[in-house]
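# Understanding the architecture of this molecule
As a plain string of letters, each chain reads:
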Amino acid sequence: MAIELAEVYGEDKEKAAFAGLIHDIAKEISKEEGEIYAKKHNIEVDEIEKFQWGLMHAKLGASIAKERYNVDQDIQKAITYHTTGHKDMDRFSKIIYLADKIEENRNYEGVIELREIAKTDLDMAILTTIDFVLNKSIKMNRLIHPNTIDLRNQILKEKSE
Ligand SMILES: [Fe+2]
């Protein structure tokens, strides 16, 4: 999906493929291990991440990807932002974020339409994805990261300009 979207939006396909492949590189790291890694590498853990540790696989993943594969800033940013989203996301980061949410193994109501929207309007697809994520988080009583809200506000503001 990352390759497909990179093709549509004129981003580097190989880079998108690699980012897609390694974005979850820290997913299997235990909290204990992750805490040690974060401390050692001066990676900030915010209040939400402390409570919902799973979110940290994004920041940890970006650092590990840099360490192991010397990935560039674009890929590091895309990995850092792939879970919560972020208002400063560039097009490459948006592609990786979205590809993760609509990849072929995802199977939720509306995902087929979302894949179509993603190919014509990246921001609209992200907005729809965020709303889906927020609804799910509310239903499951999960904390909502402010970065997600900021990204949603940002897109809405840009759309109304
Ligand atoms: Fe992830």
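Whatever comes next refers back to the structure up there.
Just so it is clear, the model here is predicted, and its values are computed rather than measured. (Residues numbered from 1 in each chain as written. Predicted model: local features only at pLDDT ≥ 70, side-chain atom pairs only at ≥ 80, totals over all residues. Heavy atoms only, no water.)

## Points about the layout of surface pockets
Taken as a whole, the largest pocket spans an internal volume of roughly 750 Å³. Taken together, 30 residues line the largest pocket, and the ones lying closest to its centre are Leu55, Thr83, Lys101, Val133 and Arg142. If you list the elements that add at least two residues to the lining of the largest pocket, you get α5 (57-69), α7 (91-102) and α9 (122-139). The element best represented in the lining of the largest pocket is α9, accounting for 6 residues. Here the residues of the lining of the largest pocket sort into 13 nonpolar, 10 polar and 7 charged. Here the second largest pocket is characterised by a volume of approximately 210 Å³. Of all the secondary-structure elements, those providing two or more residues to the lining of the second largest pocket are α1 (2-9), α2 (13-22) and α7. (1 Å grid on protein atoms, 1.4 Å probe; cavity = no way out; pocket = protein on both sides within 12 Å on 5 of 7 lines; lining within 4 Å. Points joined across faces, edges and corners; volume = space filled by probe spheres on them. Helix = DSSP H or I, 4+ residues; strand = E, 2+ residues; numbered from the N terminus. Nonpolar A, V, L, I, M, F, W, Y, C, P; charged D, E, K, R; others polar.)

## Points about the environment of Arg115
Structurally, Arg115 can be placed in helix α8 (residues 111-120). A relative accessible area of 16% means that Arg115 is categorised as buried. Through-space distance from the C-alpha of Arg115 to that of Phe132 is 14 Å; in sequence the pair is 17 residues apart. Those residues in contact with Arg115 that lie beyond four places of it in its chain are Met1, Ile102, Glu103, Glu104 and Arg106. Within the structure, the side chain of Arg115 is placed 3.1 Å from the backbone oxygen of Arg106, a separation counted as a polar contact. (Buried < 20%, exposed > 50% of the residue type's maximum accessible area, 1.4 Å probe, protein only. Contact = heavy atoms within 4.5 Å. Polar contact = N/O pair within 3.5 Å; in protein donor to acceptor, adjacent residues only side chain to side chain.)

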